[in-house]
Amino acid sequence: MNERLNEVLESKEVLIFDFDGTMTGTEHFNYLVHKKNWKKYGIDLTEDEYKKVMGKTVVDLKERIKDDYGDINAQVLINEYVNGFLELTKNEDLTMYPFVQQALQNSDGKKIYILSNQSTRIIDACIEKWGIRDKFEKIISLMDLKDLKKIDYYRDTEKYFGAPQADCVLFEDTQKNIDDGMSCGIYTVAVKHQFNNPVADLIIDVTSKGSECCQCKCCHK
């Protein structure tokens, strides 16, 4: 693991991971599933259209297109999406980013959470397959819990994660969530991939060939 990330992990008590685009590259999976499922409603979801709402929940996607395509039952869309995603993983390999495995291996005694818009069923299936299920205190799915947003958790980390913001580190790939985390005083590690160009306290570039590259403020000025 790069030295800067290791130093950060040593100084924190709680690790908070987003899932999609942070622990693994799910965006192409997400697009394929939505495109296939939505054809039955007469919706030809283009990749450009999907990119506009990438990282959003299924309900957000529904709201984004309902003016053009009409209102669609959100729970039906969610069930179709989750079932389609799980079916896709049977034939396609969805791998975890190596830095995640390294971070988990170097975090003995720390509390580790997943806070994601993704379905618990999908997260559970993936981390079980990767053999890391026992590493996590809790999986918090905002797809399942619709009353709270990520920033609500960032604002009260003592309540939800048992530690003040200064003792937490957030792993994210969506700039709004990164900004919200930093605004609450949480150290943020951004995952840079082909769909984003994040700004954070520390950046892990998973597009680098060979191994992930650290792009922290200390090393890249």
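Residues numbered from 1 in each chain as written. Predicted model: local features only at pLDDT ≥ 70, side-chain atom pairs only at ≥ 80, totals over all residues. Heavy atoms only, no water.

### Re the side chain of Asp-173
Mapped onto the secondary structure, Asp-173 falls in the loop between strand E4 (168-172) and helix H10 (175-183). Here Asp-173 is buried and forms no salt bridge, its nearest opposite-charge partner Lys-150 lying at an N-O distance of 6.5 Å. (Helix = DSSP H or I, 4+ residues; strand = E, 2+ residues; numbered from the N terminus. Buried < 20%, exposed > 50% of the residue type's maximum accessible area, 1.4 Å probe, protein only. Lys, Arg positive; Asp, Glu negative; His and termini not counted. Salt bridge = Lys/Arg side-chain N within 4 Å of Asp/Glu carboxyl O.)

### Considering the pattern of salt bridges
Scanning all chains against the criterion turns up eight salt bridges. Between Arg-4 and Glu-7 there is a salt bridge, with the nearest N and O atoms lying 3.1 Å from each other. Taken together, the residues Arg-4 and Glu-7, both in helix H1 (residues 3-11) and three residues apart, mark about one turn of the helix. Of the residues examined, Arg-4 reaches a relative accessible area of 23% and is grouped as partly exposed. A salt bridge links Arg-155 to Asp-152; the nearest nitrogen and oxygen atoms lie 4.0 Å apart. Here Arg-155 and its partner Asp-152 are both found in helix H8 (residues 150-155), three residues apart, which amounts to about one turn of the helix.

### Examining the layout of surface pockets
In this structure, the second largest pocket occupies an estimated 210 Å³ of space. A per-class count over the lining of the second largest pocket returns three nonpolar, six polar and five charged. (1 Å grid on protein atoms, 1.4 Å probe; cavity = no way out; pocket = protein on both sides within 12 Å on 5 of 7 lines; lining within 4 Å. Points joined across faces, edges and corners; volume = space filled by probe spheres on them. Nonpolar A, V, L, I, M, F, W, Y, C, P; charged D, E, K, R; others polar.)

### Brief notes about helix H2 (residues 27-38)
With 12 residues, H2 ought to run about 16 Å at 1.5 Å a step, and its terminal C-alpha atoms sit 16 Å apart, in line with that. Every buried residue of H2 is accounted for by Glu-27, Phe-29, Asn-30, Tyr-31, Val-33, His-34, Asn-37 and Trp-38. (Expected span 1.5 Å × (residues − 1).)

Scope: geometric values only; no functional claims are made or implied.
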